[in-house]
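# Structural features, examined
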Amino acid sequence: MIDKISTLGGYIHEYQKSVTKPEEFWSRIAESFFWKKKWDKILDWNFSEPKINWFTNGKMNITENIFERHLFIRGNQPAIIWEPNEPNDENRVLTYNELFTEVKKFSNVLLQHGIKKGDRIAFYMPMIPELAIAMLACARIGAIHSIVFAGFSANSLADRIIDAEAKMVITSDGGYRGSKIIPIKEIVDEAVSTCPTVEKVIVVQRTNSEIAFDDKIDLWWHECMAGAEEYHEAETMDAEDTLFILYTSGSTDKPKGIVHTCGGYMVYTAYTFKNVFQYSDGDIYFCSADIGWITGHSYIVYGPLLNGATTMMFEGIPTYPDAGRYWDIVSKYNVSQFYTAPTAIRSLMSKGQEYVENKDLSSLKVLGTVGEPINEEAWHWYHDHIGKNRCPIVDTWWQTETGGIAISPIAGIIPTKPSFATLPLPGIQPIIVDAEGKELSEKSVEGNLCIKYPWPGMLRTIWGDHERFKKTYFSTYENLYFTGDGVKRDEDGYYRILGRVDDVINVSGHRMGTAEVENAINEHPLVNESAVVGFPHDIKGQGIYAFVVCGELSTGGVEGIKTSIQKGVTKIIGPIAKPDRIQLVRSLPKTRSGKIMRRILRKIAEGDYSNFGDISTLLDTSVVDEIIKGALENV
Ligand code: 6R9
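Note that the structure is predicted; figures quoted are calculated from it, not measured. (Residues numbered from 1 in each chain as written. Predicted model: local features only at pLDDT ≥ 70, side-chain atom pairs only at ≥ 80, totals over all residues. Heavy atoms only, no water.)

Here the domain parsing of the protein yields domain 1 (8–487) and domain 2 (508–630). A straight line from the C-alpha centre of domain 1 to that of domain 2 covers 32 Å. Around 1600 Å² of area is buried between domain 1 and domain 2 when both sides are counted, 45% of it from carbon and sulfur atoms. At the boundary of domain 1 with domain 2, the tally comes to two salt bridges. Its salt-bridge partner being R511, residue E401 comes within 2.9 Å of it at the nearest N-O pair. On the surface where domain 1 and domain 2 come into contact, there are 14 residue pairs in polar contact (both at pLDDT 80 or more). Among the elements of the structure, α7 (154–164) and α13 (342–350) are those that each provide at least two residues to the side of domain 1 that touches domain 2. (Domains from an automatic or database assignment. Buried area = accessible area lost by both parts, 1.4 Å probe. Salt bridge = Lys/Arg side-chain N within 4 Å of Asp/Glu carboxyl O. Polar contact = N/O pair within 3.5 Å; in protein donor to acceptor, adjacent residues only side chain to side chain. Helix = DSSP H or I, 4+ residues; strand = E, 2+ residues; numbered from the N terminus.)

What follows is the structure, encoded as structure tokens:
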């Protein structure tokens, strides 16, 4: 098992070792796993090609490290505790033995339907145990899962299926979310109708909704599992074989398929989970994320299960049946570690104290946040009202690309400071640079966050587009991985993440490319062009502000067109991308060379109508005055 860092001195020692002798450091950690064949070389890399290989020629399977490695001591311990949407419905507890049986059976189902190592399988699923079972079955046979958050539209799902050339889709008839039933299968049907690579769709029965069922491609999960063989030997995987693809938004139009591989991701998620959350045997760990995002992959499924932990999976939403739901779950299961997003904290905080008072939160030991910067007010509320001033908060900074937590306190060991992700974890070598890429080496400084040395959990490429991988992450600054985030370091060497410095906005912890939203808006028949920026939003962190130029107005007038733009974006991307504010404008502020000056639009969206900086390159400054006037009318 992985040793836990247990003192501040221990952290400093581990960190130094990870920087001076990274290979020795990671090899010691990797040795606590089960390898079918040990690696020949720990690390082979350069950031110019770029090439990142960890544990070269090591052979393993991540599910053997979850199951076979733990079973003799943990077979009867709960691996997953699933809490359903309705608090009074029966929950499900899967022990390691039970989960293992289901995974092996589903592995055989996949093989039986012609899935081979390297094939891609897309997922569009609610938060039910079959999601985790199917993920692990993919990993066991070497199929590559590509999980798509089930809030995306049919169109977004289809784009992802097509990009990965997925052969199969795993889904459910419907999904419960609070008082709503989501027509999951209907969305999949719409997507799959445009995806020629999909041969089979496996459907889990969850809501018993009436659905279209095409016997030629659709299969019921329960029917497949009924006859499935229980015996299955894990496929031998190379450490650098792809484990999964997860799509995320970037500054340019199309979402990118981030590729993670088996060996490095295993070592990194397991190591960071154990240390950051200080997980001990017997603890009940609850991460409220959806498995459709990286947080769910790394810290609901892989990280916890690799450590033999008990991990919760929650089907519902934080405000159903009321805003005390998370706290009911914490007290029902005696949750020890609770990990959520600042947007959820702000939303629950705004509902009032009555949902927290009288809840027994005494089992809590550690609180965590992820996904976006946490403001001090929310941090203090979380600390005082949920943690009762006794639980450390781990503000964990990381990205889909980093695979696991990169900058974060180690619970109870690294002293915290509100809104600071504090210090890098062992193996992470952050560097702050200015716009030209010059290192800002003073302690207390502000700039762009890069990482200068590889760590095992980092992405290896963008699916099908290595050139884009190079361009996106390694071309802004030579020989550095560029995170896209701005950061401030204080006199203690603590890091405070300031937010994205590229054209990515972070809405309720979800990454959204402004270009992606603009393209969706521009699909509207009356729209000529648009520019999207983020603006500060009390609950969501950032909201979406769209400046739109229309050729003419439809009969519904200004309000009618705004509503139809919102509907259009929901249909094309999904409800998470729906603009919060739309302002119709005569034209956009452009430079003489035709580039939109987003800097100005960002200021206007923030309600700051001065401090535009140098606007001498603007083609027509009167446009700015008009937009400000319109913005004031909008408020
Ligand atoms: C894990 C995850 C990544 C972006 C990242 C940054 C923001 C994440 C944060 C944070 C401030 C934190 N972010 N954690 N900002 N403090 N603790 O969220 O991955 O969806 O890829 O988003 O989220 O801007 O670059 P992902």
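As a structural note, the neighbourhood of the ligand is formed by 17 residues, with D395, T400, D485, R500 and R511 the closest of them. Within the backbone of G371, an N or O atom sits 3.1 Å from a nitrogen atom of the ligand. Within the side chain of Q399, one N or O atom sits 2.9 Å away from an oxygen atom of the ligand. Counting only elements with at least two residues in the shell around the ligand, the list comes to α11 (294–306), β20 (393–396) and β25 (495–500). Along the lines of polarity and charge, the residues of the shell around the ligand split into six nonpolar, six polar and five charged. (Near = heavy atom within 4 Å. Nonpolar A, V, L, I, M, F, W, Y, C, P; charged D, E, K, R; others polar.)

This part is about the pattern of salt bridges. The tally for this structure, following the rule as stated, stands at 37 salt bridges. Salt-bridge contacts for K38 lead to E31; the nearest nitrogen and oxygen are separated by 3.0 Å. By relative accessible area, which is 45% here, E31 ends up partly exposed. A salt bridge links K117 to D241; the shortest N-O distance between them is 3.5 Å. Of this pair, K117 sits in the loop between α5 (96–112) and β6 (120–124) while D241 sits in the loop between β13 (237–238) and β14 (242–248), placing them 124 residues apart in sequence. Assessed through its relative accessible area of 39%, K117 is described here as partly exposed. Among the charged side chains, a network of salt bridges with common partners joins K41, D44 and K51. (Buried < 20%, exposed > 50% of the residue type's maximum accessible area, 1.4 Å probe, protein only.)

For the rest of this paragraph, the subject is the UniProt feature "domain: Acetyl-coenzyme A synthetase N-terminal" (unreviewed entry) in the protein. In the UniProt entry, the feature "domain: Acetyl-coenzyme A synthetase N-terminal" (unreviewed entry) is given for residues 13–65. Regarding residues 13–65, the helix share stands at 40% and the strand share at 26%, and the terminal C-alpha atoms are separated by 27 Å. (UniProt positions renumbered as here; feature names shortened; annotations may be inferred.)

Turning to helix α1 (residues 8–20), a few remarks are in order. With 13 residues, α1 ought to run about 18 Å at 1.5 Å a step, and its terminal C-alpha atoms sit 18 Å apart, in line with that. Buried residues of α1: Y11, E14, Y15 and S18, and no others. Buried residues of α1, seen end-on, are gathered within an arc of 100° and therefore sit on one face of the element. Opposite the packed face of α1, turned more than 90 degrees from it, sit the exposed residues H13 and T20. Next to the buried residues of α1 lie α2 (22–30), α10 (262–277) and β21 (430–433). (Expected span 1.5 Å × (residues − 1). Arc of directions from axis to C-beta. Contact = heavy atoms within 4.5 Å.)

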